[in-house]
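Coordinate inspection notes
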Amino acid sequence: MNLWLIVSRSLMIAPLVMLLFGCGEEPPKPESESPAPQPPVAEAGPLTVFDTEGSLAITPVMEAWRAEGGGRFTLAESNYSTPFPEETDVLVAGSLVTLWSFAEEDKLRPVFSPVIESRIGEMFRDPESRWVALSYRARVVVYNPELVSSDEIGSLESYASLGDERWRERLCLSSSRVDGNRLLIAWLIHRHGPRDAEIIVRRWRANLPDGFVEADDEAVIGKIGRGECGIGVVDSDRLAVARPVSAIAPYWFEAPGSTVIDVTGAGISRHTTNPEEAGELLEWLTTTGAGAFFAAARNEFPANTEAATGNAISDWSANVQLTVALADFGFLLQEAELLAVRAGYP
């Protein structure tokens, strides 16, 4: 098409455009469309809490959370094949071993909260802010006063003394697979070094009746109470339950920092769908009121030092003091497991 034809057609179209839209006026704009309706914001579901120790102790605490204005919650169930339910928002774990394991497996997200830091001391918190201890207990020596004389028990200076000849065939221990014993071995490594710690554990094994260990602390308490063993080591919360009906007694070492401390703690799941409310719950659990309630439900001591200790164990408070950061023992847990194997401690 030549230039003349293009120009001619343009001149023919111009008057028509002016006639339709008016001279100097812009073409009318199309009517604005109403904005598309936005989908409704989905309401957050109930907060899912998982306690490795079961629902008995955590249920009344969560009911108190709801009564004080907290949101809805549900308690997750678990089994051996799935120890950490995927839908978990907040994890409550009953030992440092479990807390450390979940953190190292990257199942917990860091929580940087000045509120928590102001309430719970640094020694009770993960150095990477993945978990915080809410309550704690002791790994305590227990004995039967009818079988162990005051002179014998008074000669006990430390956990290492349980390897002395006087306790041959009189010592009862639960398995090294019990979290408290694994932590105890890590404590020995931290204090004595790996070589001497292994010697101590080997001497313990030599004092066990027929080299046999019990499945758990409750079994140890039962055997000592029945007079089948004279002495052993258990968690203080287990002892608190048996205390009213058993003749066994605790023995506390005199030196500061000579008692192993284990904890119950909590963290937020890395895959939570409700991180804000999960963080609110974690902060609430560190308050004086909630902290005292949480600890008392487990016969433990509150990690918040301003919270009250339950009457059942208040007379033990002076004997249960943490002097070394929990993380120092956490780094030794894997080595402790290997040491138990080498020492033949089943």
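Scroll up to find the structure this text is about.
Presented here is an overview of the structure given in this document. (Residues numbered from 1 in each chain as written. Predicted model: local features only at pLDDT ≥ 70, side-chain atom pairs only at ≥ 80, totals over all residues. Heavy atoms only, no water.)

On to the overall build of the chain. Broken down by element type, the chain carries 13 helices and ten strands. The proportion of buried residues among the 346 residues of the chain is 48%. With the model as given, the accessible surface of the chain reaches about 18000 Å², and the carbon-plus-sulfur share is 54%. (Helix = DSSP H or I, 4+ residues; strand = E, 2+ residues; numbered from the N terminus. Buried < 20%, exposed > 50% of the residue type's maximum accessible area, 1.4 Å probe, protein only. Areas by Shrake-Rupley, 256 points an atom, 1.4 Å probe, with all protein chains shown as cover.)

Moving on to the environment of Leu208. Mapping Leu208 onto the fold places it in the loop between α7 (194–207) and α8 (217–225). A relative accessible area of 1% means that Leu208 is categorised as buried. Those residues in contact with Leu208 that lie beyond four places of it in its chain are Glu169, Leu171, Cys172, Leu173 and Val213. (Contact = heavy atoms within 4.5 Å.)

This part covers the pattern of salt bridges. By the definition in use, this model includes 26 salt bridges. Residues Arg139 and Asp217 are paired through a salt bridge, measuring 2.6 Å at the closest nitrogen-oxygen approach. Within this pair, whereas Arg139 is found in strand β5 (residues 132–143), its partner Asp217 is found in helix α8, the two being separated by 78 residues in sequence. Among the salt bridges present, the one from Arg238 reaches Asp237, with a minimum N-O distance of 2.7 Å. On the basis of relative accessible area, Arg238 is assigned to the partly exposed category, the value being 30%. Residue classification places Asp237 among the buried positions, given a relative accessible area of 6%. (Salt bridge = Lys/Arg side-chain N within 4 Å of Asp/Glu carboxyl O.)

Before going further, it helps to spend a moment on the state of the cysteines. Counted by the stated rule, this structure contains one disulfide. The disulfide partner of Cys172 is Cys229, and the gap between their sulfur atoms is 1.6 Å. You can see Cys172 sitting in strand β6 (residues 171–172) and its partner Cys229 sitting in the loop between α8 and β7 (231–235), a full 57 residues away along the chain. According to the relative accessible area criterion, Cys229 is buried, its value standing at 2%. (Disulfide = S-S within 2.5 Å.)

To continue, consider the environment of Gly71. The topology assignment puts Gly71 in the loop between α2 (58–67) and β2 (73–75). Judged by relative accessible area, Gly71 falls into the partly exposed class, the value being 22%. The residues contacting Gly71, other than those within four sequence positions of it, are Trp65, Arg66 and Glu277.

Now for the packing of α7 against helix α13 (residues 333–342). Relative to each other, α7 and α13 sit at 50 degrees, their axes nearing to 9 Å. As the angle between them shows, α7 and α13 are arranged oblique. In the packing of α7 onto α13, the handedness of the crossing is right-handed. In this structure, α7 uses Pro194, Ala197, Glu198, Val201 and Arg202 to contact α13, whose residues at the interface are Glu335, Leu339 and Arg342. Per-class residue counts for the contact of α7 with α13 are four nonpolar, no polar and four charged. (Axes fitted to C-alpha atoms, helices over the stretch in contact; angles between N-to-C directions. Parallel < 35°, antiparallel > 145°, perpendicular 65-115°, else oblique. Left-handed = near helix turned anticlockwise from the far one by under 90°. Nonpolar A, V, L, I, M, F, W, Y, C, P; charged D, E, K, R; others polar.)

What makes Arg139 buried here is its relative accessible area of 2%. Within the local environment of Arg139, its side chain forms a polar contact with the side chain of Asp235, the two groups lying 3.0 Å apart. Excluding residues within four positions of it along the chain, Arg139 makes contact with Tyr159, Ser174, Val178, Gly180, Asn181, Asp217, Val233, Val234, Asp235, Thr259 and Val260. (Polar contact = N/O pair within 3.5 Å; in protein donor to acceptor, adjacent residues only side chain to side chain.)

Buried residues dominate β5, accounting for twelve of its twelve residues. Strand direction decides the pairing type here: β5 and strand β9 (residues 260–269), joined by seven bridges, are antiparallel. Residue pairing for β9: Tyr136 is matched across the bridge by Val263. Examined bridge by bridge, β5 and strand β10 (residues 301–302) share two bridges and lie antiparallel to one another. Within the sheet, the bridge partner assigned to Tyr136 lies in β10 and is Phe301. Summarising the sheet, β5 and strand β8 (residues 249–251) pair through three bridges and their orientation is antiparallel. Looking at the pairing, Val141 lines up with Tyr251 of β8. (Pairing = 2+ DSSP bridges.)

Non-glycine residue Ser129 carries a positive phi angle of around 60 degrees. One can find Ser129 in the loop between α4 (114–119) and β5. Ser129 gets classed as buried once you look at its relative accessible area, which sits at 16%. Positive phi, close to 60 degrees, is recorded for Asp210, a residue that is not glycine. By the element assignment, Asp210 lies in the loop between α7 and α8. For Asp210, a relative accessible area of 77% corresponds to the exposed category.

Here α8 has its buried residues at Asp217, Val220, Ile221, Lys223 and Ile224. The buried side chains of α8 occupy one side of the element, clustering within an arc of 165 degrees when seen end-on. Residues of α8 that are buried make contact with β5, β6, β7 and α9 (236–242). The backbone nitrogen of Glu218 lies 3.3 Å from a side-chain oxygen of the residue at the head of α8, namely Asp216. Following α8 by one or two positions, Gly227 has its phi on the positive side, about 85 degrees. (Arc of directions from axis to C-beta.)

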